[in-house]
Amino acid sequence: MNLISTIRTRINGRVLPMINMPKPFSFVGAGSALSLCREIAGTGVKRVLLITDGPLFKMGLVDPIVASLKDSGLTVEVYSDVVPDPGFDVVMAGVDKLKAFKADAVLAVGGGSSIDCAKAILMCHANNAHPSTLTGIWLYARPRKKILPFFAIPTTAGTGSEVTIAAVVSDKVAQMKYAMVDPKMVPSMVALDPELMVGLPPFITAPTGMDALTHAVEAYISTMATAETDELARMATASVMRNLLEAYNNGSNIQVREAMAVASSMAGLAFTRAGVGYVHAFAHQMGGLYHVPHGLANAIILPLVLEFSKIKCAHRLADLARVSGIGKSGASDSQLADAFIAKIREMNAAMDIPQTIKELKREDFAKIIDRALAEAHGTYGVPRYMSREDSSEMLTKLLA
Ligand SMILES: [Zn+2]
């Protein structure tokens, strides 16, 4: 098992750096969402389907964006049925909407669910296929058709979905989350506009920010990391460590919101190539089975996976501690790694993130372990392999 996984991970590690991963052009700063809207009109598209979720739409957050697109001469229709962890039904309804409106471009506005849902809608539309047939990571071997012009405006700082090659969709019947992976799903232009984030409540700011941190840390300790992903992951980690608590405590601080939005995108660029690890593999199961929000599950699981992995990656965790100004000078790598993990626990506590997952049940352990290890092994470049026994031990610590 370990040998096969290691070989598959090595192949991924060799193949992924050779794949051209497009990076979107990013507009950054207060007002950048409207700059992007004006730019969209300049690309020659005429009919834009704006994809968002119901609450954002009702709050009026997308109104200025719609107005700006219309002022630029575009015809706009809104699909606002995206829900957290969108299922196949929401994706297919979006495909129908896109076809009925005859859209020639899509703009996603929202958190990771809206951007992922838009990616899935575009992929299903382009390939005339159901999302269940497009999941999986081996899409490189099965080329998909090109999607319509795609643009994104994230309204949370965490998922990094605006820059990644992946979209997570849920199979509500099987209670599973699946990733569609294809470089064609990367938007061509995005806006990181902190003005859209100042109203985010602390209970969203905290888990989404910890999701960004998890992306950066898992990418940094991945065996598939490259010099480029290392640089991005270090910068993202340092920025989240410096800014997240302030964003949580003082959400209207626009500089801090902007820093978090940029950190989230940098972390996204790091993990889209280096991959994630066990934190995500287990968090996806908590989302699929119990609907625990993605960032929250990551935040709770992250310190436990790092404690388990430390023996194989203390020097990497020490790097992240140093770049974040954590730990005493002259401390050993092991001490710095411990200080880094302790800091994550401290941040979780300061943001009222619990240490356990209250929905988790011991009778589900076997199912969770099967699925998490199947997701991680051979796909993610984890620094230390987890056995079923190791997994069970970790899950026991997560029981409320
Ligand atoms: Zn994530």
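Residues numbered from 1 in each chain as written. Predicted model: local features only at pLDDT ≥ 70, side-chain atom pairs only at ≥ 80, totals over all residues. Heavy atoms only, no water.

Asker: Hey, could you run me through the overall build of the chain in this one?
Answerer: On a plain count of helices and strands, the chain comes out with 14 helices and eight strands. Taken against the 2.2 N^0.38 rule, which gives 21 Å for 400 residues, the C-alpha radius of gyration of the chain at 20 Å falls within 12% of a compact globule. The buried share of the chain, reckoned over its 400 residues, is 59%. Partitioning the intrachain contacts of the chain with sequence separation of at least 6 by distance along the chain shows that 80% fall at a separation of at least 24. Of the roughly 15900 Å² of accessible surface on the chain, a fraction of 56% belongs to carbon and sulfur atoms. (Helix = DSSP H or I, 4+ residues; strand = E, 2+ residues; numbered from the N terminus. Rg over C-alpha atoms; globule rule 2.2 N^0.38 Å. Buried < 20%, exposed > 50% of the residue type's maximum accessible area, 1.4 Å probe, protein only. Contact = heavy atoms within 4.5 Å. Areas by Shrake-Rupley, 256 points an atom, 1.4 Å probe, with all protein chains shown as cover.)

Asker: How do you make sense of the domain arrangement of the chain when you look at a structure like this?
Answerer: Split into domains, the chain comes out as domain 1 (2-196) and domain 2 (202-398). Each of domain 1 and domain 2 has a C-alpha centre, and the two are 24 Å apart. Contact residues are listed per partner, giving 33 residues for domain 1 and 34 residues for domain 2. In total, domain 1 and domain 2 occlude about 3000 Å² of area from one another, counting both sides; carbon and sulfur atoms represent 59% of this. Together, Ala157, Gln175 and Lys177 form the three largest contributors to the area buried by domain 1 at its contact with domain 2, with a combined 18%. In this structure, the connection of domain 1 to domain 2 is made through one salt bridge. In this structure, Lys23 and Glu228 form a salt bridge, with 3.2 Å as the shortest nitrogen-oxygen distance. The tally of links from domain 1 across to domain 2 stands at seven residue pairs in polar contact (both at pLDDT 80 or more). (Domains from an automatic or database assignment. Buried area = accessible area lost by both parts, 1.4 Å probe. Salt bridge = Lys/Arg side-chain N within 4 Å of Asp/Glu carboxyl O. Polar contact = N/O pair within 3.5 Å; in protein donor to acceptor, adjacent residues only side chain to side chain.)

Asker: Even after reading the chapter, I still don't get the packing of aromatic side chains, so can you show me in this structure?
Answerer: What describes a pair of aromatic rings is the distance from one ring centre to the other and the angle between the planes of the rings. If you walk through the whole model with that rule in mind, you get two aromatic pairs. Residues Phe25 and Phe27 carry aromatic rings whose centres are separated by 5.1 Å and whose planes lie at 80° to one another, so their mutual orientation is edge-to-face. Given the relative accessible area of 51%, Phe25 is considered exposed. Seen from their ring centres, Tyr278 and Phe282 are 6.5 Å apart, and the 45° between their planes marks the pair as tilted. Of this pair, Tyr278 and Phe282 both sit in helix H10 (residues 278-290), separated by four residues, roughly a single helical turn. A single burial state applies to Tyr278 and to Phe282, both of which are buried. The ring of Phe101 is capped by Arg47, whose NZ or CZ atom sits 4.4 Å from the centre of that ring. (Phe/Tyr/Trp six-rings, centres within 6.5 Å; stacked < 30°, edge-to-face > 60°. Lys NZ or Arg CZ within 6 Å of the ring centre and 35° of its normal.)

Asker: In this structure, what is going on with the nonpolar core? I would like to understand it.
Answerer: Grouped burial of nonpolar side chains is what soluble globular proteins tend to show. Grouped together as the largest cluster of nonpolar side chains are 80 residues, with contacts concentrated most on Phe282, Met286, Ile301 and Phe340. With 15 residues, helix H11 (residues 294-323) is the single largest residue contributor to this core. Both domain 1 (2-196) and domain 2 (202-398) contribute no fewer than three residues apiece to this core. With residues up to four places along the chain from it excluded, the contact list for Ile301 reads Val279, Phe282, Ala283, Met286, Ile357, Met394 and Leu398. (Core = buried A, V, L, I, M, F, W, Y, C linked by side-chain atoms within 4.5 Å.)

Asker: I'm lost on the pattern of salt bridges in this one. Help?
Answerer: Under the counting rule described, the total for this entry stands at 13 salt bridges. The salt bridge involving Lys310 is made with Asp338; its shortest N-O contact spans 2.9 Å. You can see Lys310 sitting in helix H11 and its partner Asp338 sitting in helix H12 (residues 333-350), a full 28 residues away along the chain. For Arg388, the salt bridge goes to Asp370, with nearest N and O atoms at 2.7 Å. A residue pair is termed long-range when its members are at least 10 positions apart, and Arg388 in helix H14 (residues 388-398) and Asp370 in helix H13 (residues 365-376) qualify at 18 residues. Overlapping salt bridges, with partners in common, bring together Asp319, Arg322 and Asp333 in one network.

Asker: Quick question: what am I supposed to make of H10 here?
Answerer: One turn of the α-helix equals 3.6 residues, which is why residues spaced by three or four share an orientation. For H10, which comprises 13 residues, the first-to-last C-alpha distance of 18 Å matches the rise-based estimate of 18 Å (1.5 Å per residue) to within 8%. With 13 of 13 residues buried, H10 is to be regarded as a mostly interior element. Downstream of H10 by a residue or two, His291 has a phi angle that is positive, lying close to 60°. (Expected span 1.5 Å × (residues − 1).)

Asker: What is the right way to read H14 from this model?
Answerer: All buried positions along H14 are accounted for by Ser391, Met394, Leu395 and Leu398. Looking straight down H14, one finds that the buried residues subtend no more than 100° of arc, so they occupy a single side. Along H14, exposed side chains directed more than 90 degrees from the buried face belong to Glu389, Glu393 and Lys397. On its buried face, H14 sits against H10, H11 and H13. (Arc of directions from axis to C-beta.)

Asker: Could you clarify how one ought to interpret the coordination of the zinc ion in this entry?
Answerer: Angles between donor atoms at a metal ideally measure 109.5 degrees for a four-coordinate tetrahedral arrangement and either 90 or 180 degrees for a six-coordinate octahedral one. For the zinc ion, the full set of protein donor atoms is Asp211 (OD), His215 (NE2), His280 (NE2) and His294 (NE2), and the range of their distances to it is 2.1 to 2.2 Å. Note that the zinc ion binds four donor atoms; their angles at the metal cover 84 to 171°, and the shape is irregular. Read in sequence order, the donor residues coordinating the zinc ion give the pattern D-x3-H-x64-H-x13-H. Here His215, found in helix H7 (residues 202-221), pairs with His280, found in helix H10; they are 65 residues apart in sequence, far enough to count as distant. In this structure His215 comes out as buried when scored by relative accessible area, which is 2%. A relative accessible area of 3% places His280 in the buried class. (Donors = N, O, S within 2.8 Å, 3.2 Å for Na, K, Ca; no water. Tetrahedral: all angles 85-135°; square planar, octahedral: opposite > 155°, others 65-115°.)

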